[in-house]
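For reference, the chains in residue letters:
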Amino acid sequence: MKRKTETVQKVQTADADLQLVLSNAIGMTESALEEAVDYCGRKMGTDDRQTVVEQLKQGDRTACGYLYYHLAGQVAEWLGAWDESIKAVYIYDSDATAEDVCFGRPETPPMLHLLIWVQRKTNALDATLGVLSRALVQSYTELLGRPGLEHLLDAQVVDDNEVNNNIGYSALLCSLHTCPIRIWER
Amino acid sequence: MEGQNPFLTAQAQFDKSADLLDLPQDIREILRWPMREFHFRIPLRMGDGSIKVLQGFRVQHNDARGPSKGGIRFHPNETIDTVRALAMWMTWKCAVADIPLGGGKGGVIVNPASLTTAEKEQLCRGWVSQMWHNIGPRMDVPAPDVGTTGQMMAWMMDEFSKLQGQYVPGVFTGKPVDMGGSLGRTEATGFGVIFTVREALKHLGLDPAACSAAIQGFGNVAQYAAIGFHDMLGGKVVCVSCYDLKDKKPYTYSHPDGVDPHFLQGITDQYGTIDQEKATAAGYVIEDAGAWIEKDVDVLIPAALENMVNAETAPLIHKNVKVIAEGANGPTTLEGDQLIKERGIFLIPDFLCNAGGVTTSYFEGVQNDMNYYWSRDEVLQRLDTKMTVAFHGVLDMALRQKVYMRDAAYLVAVDRVVRAMQLRGWV
Amino acid sequence: MVQVPFETPKILTIHLQIANYPVMADEIRRRMREELFRRGVITAQALEEEVRAKAALSQVREGLPSELREAEPAWELRLERVRDYLTDFYFAYNLPIDLFEQIIDRLLDERSVEKDAFDYHFNPELAPFDLLLKQAEQYAAMPLDNQHIVQHHLEEIMVVLIKTIVSDHLGFLSIAKQWFTAEDMRFVRSRRIGTGKVGGKAAGMLLAWRILQECAPEVAARTVLPESYFIGTDVFYEFLALNRLEYFDQKYKPLDQIRAEYPRIVAAHERGHLHPAVLNQLQGILERVGQKPLIVRSSSLLEDNFGTSFAGKYESHFCPNQGSPEENLRDLSLAIRRVYASAFNPDVMLYRRQMKLLDYDERMAILLQEVQGQAYGRYYFPALAGVAFSQAPILWHPRLRREDGFLRMVVGLGTRAVNRVADDYPRMVVLSHPLLRPETTTEAIRRYSQHLIDLIDLEDNAMRTLPVDRVIGADYPALRLVAEVEEDGTITPIVSRAQFAPERLVLTADTLLQKSDFVPTIKTVLSTLESQYAFPVDIEFAITRTPELVFHLLQCRPQSSMGGMSVPPIPSDLPEEDKVFGVSKMVPQGLIENITHILYVDPLQYSQLENASRRQEVARLVSQLNAVLETERFIMLGPGRWGSVNPDLGVPVSYADIYNTRALVEISVPQRGIIPEPSYGTHFFQDLVEAGIYPLAIYLGEGGDFINQEWLARAGNQLVDLMPEAGPYADCIRVIHVPSERAGHTMQIVMDGERGLAYTVRER
């Protein structure tokens, strides 16, 4: 596989702190997913957890949407608690198109598209996100059985400079048509 | 920034066009503000028995050319000024596409993900019960938008029909095909983009078959734009960009001989992710997400996120790019636009380029009205005619007034609305 | 210890001294200021600015509520007092006290001379102009309390001044003396070249301006009078003498001879030259005017006076004034000489003969004006120009009110509105309903609109007539006021630049008429002038947009009238065979009785004449018939536009060829799919109006218009009896003697303002 390696983030697992992060993250993602499934059931008007899980496995759009939203909220909250430099977390629509967005859109993957606004970008946050991503995959696979799933998290980190200059993914914050939804702020 | 008022921005954009057209002050005053606004509250009985009161809006910016048209948005950050701006934008969009509709937009300040399915249905019906006197196939025809779905349109249409005492499918568009929706709409926006690209290349004297394109995104619009460029124009699609589940970043998929959009569709899983292994095996090259914009191609089609062609990325556009077709809504920031203008690249502005969607919505209303439904091919054929005519309307204006295509599109739109008002004796 | 400025006594001295002369105080201070300005202590402007600033401060000091400050009633008084205090102050601090005393002494000396200033000891009619002027100014400057004592003197002097320098027409004088001031006369003299009167046109313009300033100040404030210069009447005589042209005594010669000699006269004038002193002064004017185009207009003594109108008879010439100084002077001088030559124009002579003005010693003064307009690219022209009448001379709809006035106007130089133009139409507006027009279809509105623009081409240094679409671009400042576009068969105002398409422009001026204050302004102007003249008036005007709308008043004169005779009702029970023709469009009010002859040019025969020269021959025969039938009451009835220069459109006559007719009836016959438009005699409309000749038009096949062709065809033709040599044209020209066709009958035409009917009736 040809890949521009310099752009791929390497997770620095050697750091002792990260072990702590990882165990914490797995704990969080497990419970967050559990809660998200419950939330999904509540919203879809069923108590039968298995039905919900089945729907999620089949990629039911409504179910995935609820799961996605609730999970994103929990993840954002966790991240906010973990990294002081985070100012706000948004979810955004990765494939927003014309005004009739709902027309025949392929099923959305249960991907968390997060926009994380930090004062300053740090390696530590990158590492944390890497860990979090793996924890999410692990918990998700355990719960919903999706072998081969490698990532669940699309986290775009933007800093004050980018926000002020309206560049990078921070430009999304000025969206008129599909403005990201703020799910957490300090 | 978040602090920027979108309605002021929309008014400023209008003022600029009004200056170019040298419109008189009284006409500007009519168009700078919506003609009608509805602010209402929708009481919602929640699953737990409590009552939640939600704020709803409907803005009818201008209906000189026909009933208002525009989506209903369920979004927690919705503001009246966003709705106003989008309603004004719809007026221009319908006018530039030359469909006999005006501009409207509606919304509810709510996060739909926080509502149960039953609550959503109740909200939809609640919205209609507040607005039903002021919407209808001859007044205002809403459609789905951010946070709303075809299912919701069906609920709303049902509620409206109940209140009217008769079946009125044409009051909402974007309905499921089985419930009065139109065929062809899945492809409509993406193919519409390609119809305009085709005309642009013709204007520039370029042979589409010898042209290459880079497409951002691989969602609905991007997929059909890629298919259209490849199948209909015979051009080479150098790359598409899409999310990759194997990494936390989107990637650009390119192929030395051009990508085969059908193949890529075939190896895209139900989650919309292209299978990297299979892609690599077929000779695809996977690059950084931002790579699409730097490609040495003739045509660039940003068909995903808003504001991604900006001060940072616009300078990276390759010197050989001749056409930018804005498949997405608002893919270009003001700064990005300035750079494109300076470079003299032929731009097909978003509200012309992706008007295939709204045109098909209009077709849906037309079919509902006559209670006769066209085949997919008929829809796409008519769409081609409409888009081609719309494109040339804008091109003529750009040539005649010697202005940038985006400005020309606004001029065409504003001028058409002004003339409608003139003919109706409003001004 | 506080040091007292050593000048303090000086300012006190001044103050106390002035207090001794309570009445003279104003004049003393005026002269003090003059000294201050002259010696450069302070400029007049700086002083005035300080006065205003201090006055404003004093308002605050005196606790005047802020909302009252803008329009304080005592503001002028306040300014005056502050000005006086400041005068004292500056004088005391800057100039010696001796000078102050000198001022007072000199003033006292002067006063002693004019002790008995209330009377004069000379005969105004014989006194030199300057003396009279000075005397008038002294009277005018007197305190208001004393004015009544000298009023009769002032009036007498003013009359003499006006007679000497403006015009000696009694009708004019009786009004002018009420309005003109000594200052006005001084102005006229300062702008006059040579001696003699400045003539009717100049007089009318100045009088109108003066009336507007007094009676409609709010309109006058937005009105501009063109920068004007006058060439006195004496210069005309001087010119004739200098060039030995006096022998052209045309007045009492037969008309044919006048006509035959005219080209020679013009050539002689063109060869002649003006007195070097006059040229010198003209050069001075050109230097002052710079590169602005000029118009040289006749301003004869007879012109523009009560009851007569020489509209368009004397010539006007444009001087684009874009060449070298020598070229410009040469062009200007030539234009003046050509205007002089137009005094001998046969049409003028005839008109004078008819109006019994031949014995009057007509002298030609000249009014020299900067052309009112604005540069647009290489062209220079006003947004609109034309003539306005306080009483609408024609109406075509019962709703229209005559007394609200009427306009004829064009985009560009007003020549197209004033003079005859072939196949082009000025915008005609009845001011009671500015947007109502006789035409009803888009096609007709477009056809009846203006297609050509007269303008000055600055690059070519020439006057030009160009098609509208070659002149007016999307960026023309007054575009939306004067033009609309035809879109899908309707004419719509331009509200967006995208609508602009040169080939679809229609000059309607509807937006100006509807959305600007132009209509109220011109109505005020007309009604004000009419009420002060106590007579209907017409004016020439222009409009520019820079970007405010500016109204330019170019001239004013009493309007001629149709004469208010009573009109009997149109009989409703006539047998068909008695009717000769009926008209229904733009019919005036009036009655023509005892018509014995009908001069009928058969439209079909006329159109079948093989070439233009044969049609010219018809015009010549008509002219001769006009003379032959001089003593008869007759009407002329013919195809298309009487007076058109294009023989295809109508018989190419001029006013001199038809003046004996009682009505000029145009038959609009469709030919080759085109209906030639009746002119209603617009080419010589004013002439017709004054001579009581009614312009009528029969639109065959429209609105109940008809012509009894059968009767006309059957009737005997007396042409050859009257003019044996006209035999070859007997098919085309028919002269019908009504009593011969119906014994004891004549024809009469009754016109009630809506419809008109010509019918035979037993002679009373």
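Residues numbered from 1 in each chain as written. Chains lettered and ligands numbered in written order. Predicted model: local features only at pLDDT ≥ 70, side-chain atom pairs only at ≥ 80, totals over all residues.

### A few points about the overall build of chain A
Stated precisely, the cut-off is as follows: Counting from the N terminus, the helices are DSSP H or I runs at least four residues long and the strands are E runs at least two residues long. Each residue is classified by how many other C-beta atoms fall within 10 Å of its C-beta atom, where C-beta atoms are placed from the backbone; a count of 20 or more means buried, 12 or fewer means exposed, and values in between mean partly exposed. Remark: residues whose backbone-derived C-beta atoms lie within 7 Å of one another are considered to be in contact.
The secondary structure content of chain A amounts to five helices and four strands. Secondary structure elements of chain A, listed N to C terminal, follow the sequence α-α-α-β-β-α-β-α-β. A burial count over chain A gives 51% of its 186 residues as buried. Look at the contacts in chain A between residues 6 or more apart in sequence, and 70% of them connect residues 24 or more apart.

### Points about the overall build of chain C
Across its full length, chain C carries 30 helices and 28 strands. Scored against the burial criterion, the 764 residues of chain C give a buried share of 44%. Residue pairs in contact within chain C that sit at least 24 positions apart in sequence constitute 73% of those at least 6 positions apart.

### Here's the deal with the pairing of strand β24 (residues 694-699) of chain C
Residues and elements named next belong to chain C. So the rule is basically this: Strands were regarded as paired on the criterion that DSSP finds at least two bridges between them.
Counting buried positions along β24 gives six out of six residues, so the element sits mostly inside the fold. Burial along β24 is two-sided: Y694, L696 and I698 and P695, A697 and Y699, pointing in opposite directions, are all buried. Summarising the sheet, strand β23 (residues 663-668) and β24 pair through six bridges and their orientation is parallel. Residue E666 lies in a different strand from β24, and its bridge partner there is A697.

### Notes on the environment of I149(C)
Tracing the chain through its elements places I149(C) in helix α8 (residues 144-165). In this structure, the C-alpha to C-alpha distance between I149(C) and Y139(C), residues 10 residues apart in sequence, is 9.6 Å.

### With respect to the packing of helix α11 (residues 199-215) of chain C against helix α23 (residues 518-533) of chain C
Residue and element names in this part refer to chain C. The condition is simple: A fitted line through C-alpha atoms serves as each axis, taken over the contacting stretch for helices, and the angle formed by two N-to-C directions is quoted from 0 to 180°. For classification, angles of less than 35 degrees are called roughly parallel, those exceeding 145 degrees roughly antiparallel, those between 65 and 115 degrees roughly perpendicular, and all remaining angles oblique.
Here α11 crosses α23 at 105°, and the two axes come no closer than 10 Å. On the basis of the axis angle, α11 is roughly perpendicular to α23. Taken together, the residues of α23 that come into contact with α11 (itself represented by A208, I211, L212 and C215) are V525, T528, L529 and Q532.

### Some points on the interface of chain C and chain B
Accessible area lost when the parts come together is the quantity often used to give the size of an interface. Test applied: Classification convention: Asp, Glu, Lys, Arg as charged; Ala, Val, Leu, Ile, Met, Phe, Trp, Tyr, Cys, Pro as nonpolar; all other residues, Gly among them, as polar.
At the interface, five residues of chain C touch 12 residues of chain B. Classifying every residue of the side of chain C that touches chain B by side-chain character gives two nonpolar, two polar and one charged.

### A look at the nonpolar core
We apply this condition: Connectivity within a nonpolar core runs through C-beta atoms within 7 Å, and the core itself is a set of buried Ala, Val, Leu, Ile, Met, Phe, Trp, Tyr and Cys residues.
V96(B), I215(B) and V394(B) are the most contacted members of the largest nonpolar core, which has 353 residues in total. Here this core gets 12 residues from one element, more than from any other, and that element is helix α3 (residues 61-82) of chain A. Excluding residues within four positions of it along the chain, V96(B) makes contact with F351(B), L352(B), A355(B), A390(B), V394(B), A409(B), V412(B) and A413(B). Residues V110(B), M131(B), I135(B) and F160(B) belong to the second largest nonpolar core, which totals 24 residues.

### Let's talk about the sheet that holds strand β2 (residues 223-224) of chain C
Two strands in a sheet stick together by hydrogen bonds in their backbones, pointing the same way (parallel) or opposite ways (antiparallel). All names here are of chain C. An order of β2-β18-β17-β9-β10-β11 is seen for the six strands of this open sheet, with the pairing classed as mixed. Strands at the two margins of the open sheet, each flanked by one partner only, are β2 and β11 (427-430). Taken together, the nine bridges between strand β17 (residues 537-545) and strand β18 (residues 549-558) define a ladder with antiparallel strand orientation. Each bridged residue has a counterpart across the sheet, and for I539 the counterpart in β18 is C556.

### Section: the confidence of the model for chain A
All names here are of chain A. Just so we agree on the cut-off: One confidence number per residue, pLDDT, is output by the predictor and ranges from 0 to 100.
Taken over all residues, the pLDDT of chain A has a mean of 78, while the share at 70 or more is 78%. Averaged pLDDT values over the elements of chain A bottom out at 84 in helix α1 (residues 16-44) and peak at 93 in strand β1 (residues 86-91). For the stretch residues 1-14, pLDDT sits under 50, and the model shows 18 contacts to residues farther than four places along the chain or on other chains. Across residues 98-108, where pLDDT falls below 50, the model places 43 contacts with residues more than four positions away in sequence or in other chains.

### Comments concerning the sheet that holds strand β27 (residues 745-752) of chain C
Residues and elements named next belong to chain C. The strand order across the open sheet formed by five strands is β20-β27-β28-β19-β25, and the pairing between neighbours is antiparallel. Whereas interior strands pair on both sides, the edge strands pair on one side only; in this sheet they are β20 (589-595) and β25 (706-707). Direction of pairing for strand β19 (residues 579-583) relative to β25: antiparallel, over a ladder of two bridges. Paired with F581 across the bridge in β25 is I707.

### Focus on helix α7 (residues 220-232) of chain B
All names here are of chain B. Heads up, the rule is: Multiplying 1.5 Å by the helix residue count minus one yields the expected span of that helix.
In this model α7 runs 17 Å from its N-terminal to its C-terminal C-alpha over 13 residues, within 8% of the 18 Å that 1.5 Å per residue would give. Taking burial as the measure, the 13 residues of α7 include 10 buried ones, the bulk of the element. Regarding α7, the residues found buried are N220, V221, A222, Q223, Y224, A225, A226, I227, G228 and F229.

### Quick word on the environment of A267(C)
Looking at the element boundaries, A267(C) is found in helix α14 (residues 255-271). Sequence separation between A267(C) and R338(C) is 71 residues, and the spatial gap between their C-alpha atoms is 8.9 Å.

### Comments concerning the pairing of strand β2 (residues 112-118) of chain A
All names here are of chain A. Across the seven residues that make up β2, a large majority, seven, are buried. Relative to β2, β1 is paired through five bridges, and the arrangement is antiparallel. Paired with A88 across the two strands is W117, which belongs to β2. The pairing of β2 with strand β3 (residues 153-159) spans seven bridges and is parallel. Residue pairing across strands places H113 opposite D154, the latter belonging to β3.

### Describing unusual backbone geometry
All names here are of chain C. Despite not being glycine, N321 shows a phi value in the positive range, around 65°. Here N321 is to be found in the loop between β5 (316-319) and α16 (325-341). Judged by C-beta crowding, with 25 C-beta atoms within 10 Å, N321 ranks as buried. For D488, which is not glycine, the phi dihedral falls at a positive 50°. You can see D488 is positioned in the loop between β14 (483-487) and β15 (490-493).

### What to know about the environment of A202(C)
Residues and elements named next belong to chain C. Note on placement: A202 falls in helix α11. Along the chain, A202 and C556 lie 354 residues apart, while their C-alpha atoms are 8.9 Å from each other. Excluding residues that lie within four positions of it along the chain, A202 makes contacts with S228, F230, S299, A365 and L367.

### Observations regarding the confidence of the model for chain C
Residue and element names in this part refer to chain C. Within chain C, residue pLDDT values average 84, and 89% of them lie at 70 or more. When mean pLDDT is compared element by element in chain C, strand β8 (residues 379-381) scores highest at 96, while helix α27 (residues 685-691) scores lowest at 58. Long-range and interchain partners of residues 1-7, a stretch whose pLDDT sits below 50, account for two contacts in this model, where long-range means more than four residues apart. With pLDDT under 50 throughout, residues 561-566 is counted as low confidence; its partners more than four residues away or in other chains account for nine contacts. Predicted complex, confidence summary: ipTM 0.83, pTM 0.69.

### Here's the deal with the packing of helix α1 (residues 6-21) of chain B against helix α3 (residues 80-96) of chain B
Residue and element names in this part refer to chain B. Close contact between α1 and α3 brings their axes to 7 Å; oriented N to C, the two are set at 30°. Taken together, the axes of α1 and α3 lie roughly parallel to each other. Contact residues: P6, F7, T9, A10 and F14 in α1; D81, T82, R84, A85, M88 and W89 in α3. Split by residue class, the contact of α1 with α3 holds seven nonpolar, two polar and two charged.

### Observations concerning α3(B)
Residue and element names in this part refer to chain B. Here α3 is 17 residues long and its end C-alpha atoms lie 24 Å apart, about the 24 Å a rise of 1.5 Å per residue gives. α3 sits mainly inside the fold: 15 of its 17 residues count as buried. Just past α3, the residue D98 takes up positive phi, approximately 55°.

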